[in-house]
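Understanding the architecture of this molecule
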Amino acid sequence: MNSTETTDVKLAEPHLEQVLASAGIGVEYTRAERNTLYYRDEEGTEIPVLDLVGGFGSLILGHNHPDLVAHAKDLLDAGTPIHAQFSPHPHANRAALELNRIVHRETGTEEPYFAVFANSGAEAVEAALKHAEFDRGLRLAELRDELAAHRVAARAAVAAGENVAASAYAAAGVAPEAGFEGLIEAVERENARRLARSPLFLAPEGAFHGKLVGSVQLTHNEAFRLPFGSLAAQARFVPVDQPGVLGKIVREEGAVVLDVVTRDGEVGVVERPFPLFCAFLIEPIQGEGGIRVISEAFAQEVRTLCREIACPVVVDEIQSGMGRSGAFLASSLIGLRGDYYTLAKSLGGGIAKTSVTLIREGCYRQDFELVHSSTFAKDGFSSQIALRTLQLLEADDGRAYRTAREVGGKLLTMLEEVRSDFPDVIKDVRGKGLMLGVEFHDQVRAASPDLRAVAESGFLGYVIAGHLLNAHRIRVFPTGSSVNTLRIEPSIHLSDEEIEQLRTALRAVGSLLRDQDVQRLVGAG
Ligand code: 5B6
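Residues numbered from 1 in each chain as written. Predicted model: local features only at pLDDT ≥ 70, side-chain atom pairs only at ≥ 80, totals over all residues. Heavy atoms only, no water.

Some details on the overall build of the protein
Regarding its fold elements, the protein presents 16 helices and 20 strands. C-alpha extents for the protein along the principal axes are approximately 95 × 65 × 55 Å. Here the protein, with 525 residues, has 51% of them falling under the buried criterion. Put simply, 71% of the contacts in the protein that link residues at least 6 apart link residues at least 24 apart. (Helix = DSSP H or I, 4+ residues; strand = E, 2+ residues; numbered from the N terminus. Buried < 20%, exposed > 50% of the residue type's maximum accessible area, 1.4 Å probe, protein only. Contact = heavy atoms within 4.5 Å.)

In structure tokens:
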């Protein structure tokens, strides 16, 4: 390599860029507004592309929303302090208050949620995991103290002549010959072993919560998760459509300790639960997992079981939140209440990078603020952009949410119409509001060997995406873990014409797949 000044030299993740280019989607964009990204062709002409990827769901208000751009310029012109760490942060505080007002309205609760700001989605998830573990550690310490106090009381009772039940020795796994002190020793040893177990997280199959060391262990996709399994606590993944399995998984883990108690004039040993499960993480609409809306029944099962085992529920609204579903919180539409909420993506209005973890007062440990921080979190710029974004969503009595519902409804109707004309090509259409998925039938048994080869490589979704871009100037990607599902996440500004543009393009793809015309599918025609 001679010089790093030449633009031909690529060092920023060049392999990924090459993979995307080989699927025909490696276009460099030069301008963006609303739902449109522009690139320049070889003659220098500006070409518009309908962007339905929307920054992986970060653009509920579209690219470069004029009000937010103007606000950003004003902030910079006014010399707004962006970094004034360790001083009061009124803008982050106002954003937190506004978030509380909205969450209270949608969930019907009045309990405050404290806000821990961060910079990305995965970071907000990691703050939730850390806080939940901090809280669990404190609860375990209280439990240890209580167990120790019970042992002291039991020893005093035995010294005063109280009988030790025969069943107590069996429960502690020692012979009666070991005597009471032997029993106590065995209980202490056994409890120390059990309480030292690593925390376990729970999440539905298909979950995606980010790719940092902690959050990636809660991301179901093995390709993302397994190489890093040694770095962090693990999750048990729960099927979303098999009632009762969640309870079975929890019971299988046998999270109980031995408590020496004095009862009915006898000293005995009983089992009692301890908080092994650190948190249950759940996306109300799974995004990267294939755009799947969690059912009300599953949401209810999660709530009930988590209450029983004192396991906090972290509702990850990073992709589904901020109005995309037609409500600020998609979870509010399925009756799912979170002890924690995570928000990111559209919280930055498409121009700032910010995220937040909201923690219900009843679970909040204020000392967490002394052990967790980030240089950039709560910065003056992104906090003010987040606040303005929230105000734009809330304006006109929540017009943005109504628009998301209306435009999403039209989009869904169109997609269902295309599916009903091409049921042999399109397997399913699903989602809520402006978070929709179109699943294509797998083509691994297609008549065309070329199409079979594409399907077997797992790249069918990317080939369709490449065709939509090159032939129809529509930008859309498959989800990471459901590779035949295209994710459609435009802003609320999607027009009827743009919906029709997508209809025409999907019908064309439907015909090409029905005709097994791989030549034209991989080309631009
Ligand atoms: O900001 P960050 O990316 O760290 O947020 C992590 C995160 C995401 C999310 O959706 C949820 C619910 N929780 C935490 C971010 N989503 C990323 C995403 N990536 C892809 C597709 C999606 O629908 C969402 C993706 N698809 C294909 C290839 C690569 C990525």
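What follows picks up the thread again.
Quick look at the domain arrangement of the protein
Along its sequence, the protein is organised into domain 1 (6-64 + 398-522) and domain 2 (90-378). Relative placement of domain 1 and domain 2: their C-alpha centres are 37 Å apart. On the side of domain 2, 29 residues touch domain 1, which itself brings 26 residues to the contact. The largest share of the area that domain 1 buries against domain 2 comes from Y401, K432 and M435, three residues that together contribute 33% of it. At the boundary of domain 1 and domain 2, one finds one salt bridge. Between R324 and E489 there is a salt bridge, with the nearest N and O atoms lying 3.6 Å from each other. Scanning the region where domain 1 abuts domain 2 turns up 14 residue pairs in polar contact (both at pLDDT 80 or more). (Domains from an automatic or database assignment. Buried area = accessible area lost by both parts, 1.4 Å probe. Salt bridge = Lys/Arg side-chain N within 4 Å of Asp/Glu carboxyl O. Polar contact = N/O pair within 3.5 Å; in protein donor to acceptor, adjacent residues only side chain to side chain.)

Notes on the site of the ligand
Neighbouring the ligand are 18 residues; G121, A122, D316, Q319 and R487 lie closest to it. The backbone of A122 places a nitrogen or oxygen atom 2.8 Å from an oxygen atom of the ligand. Applying the majority rule of atoms within 2 Å of the grid points places the ligand in the largest pocket. Split by domain, the shell around the ligand shows at least three residues from each of two domains, domain 1 (6-64 + 398-522) and domain 2 (90-378). (Near = heavy atom within 4 Å. 1 Å grid on protein atoms, 1.4 Å probe; cavity = no way out; pocket = protein on both sides within 12 Å on 5 of 7 lines; lining within 4 Å. Sits in = over half its atoms within 2 Å of the grid points.)

Quick word on the side chain of E439
Relative to the helices and strands, E439 is located in strand β17 (residues 435-440). Assessed through its relative accessible area of 12%, E439 is described here as buried. If sequence neighbours within four positions are ignored, E439 has contacts with I426, K427, D428, R430, N484 and T485.

Quick look at the packing of helix α14 (residues 460-472) against helix α15 (residues 496-514)
Relative orientation of the contacting elements α14 and α15 amounts to 125°, with a least axis distance of 11 Å. One element, α14, and the other, α15, form an angle in the oblique class. Between α14 and α15 the crossing geometry is right-handed. In this structure, α14 contributes L460, I464, H467, L468 and H472 to the contact, and α15 contributes Q501, T504, A505, L506, A508, V509, L512 and L513. A breakdown of the residues in the contact of α14 with α15 according to their chemical character gives nine nonpolar, four polar and no charged. (Axes fitted to C-alpha atoms, helices over the stretch in contact; angles between N-to-C directions. Parallel < 35°, antiparallel > 145°, perpendicular 65-115°, else oblique. Left-handed = near helix turned anticlockwise from the far one by under 90°. Nonpolar A, V, L, I, M, F, W, Y, C, P; charged D, E, K, R; others polar.)

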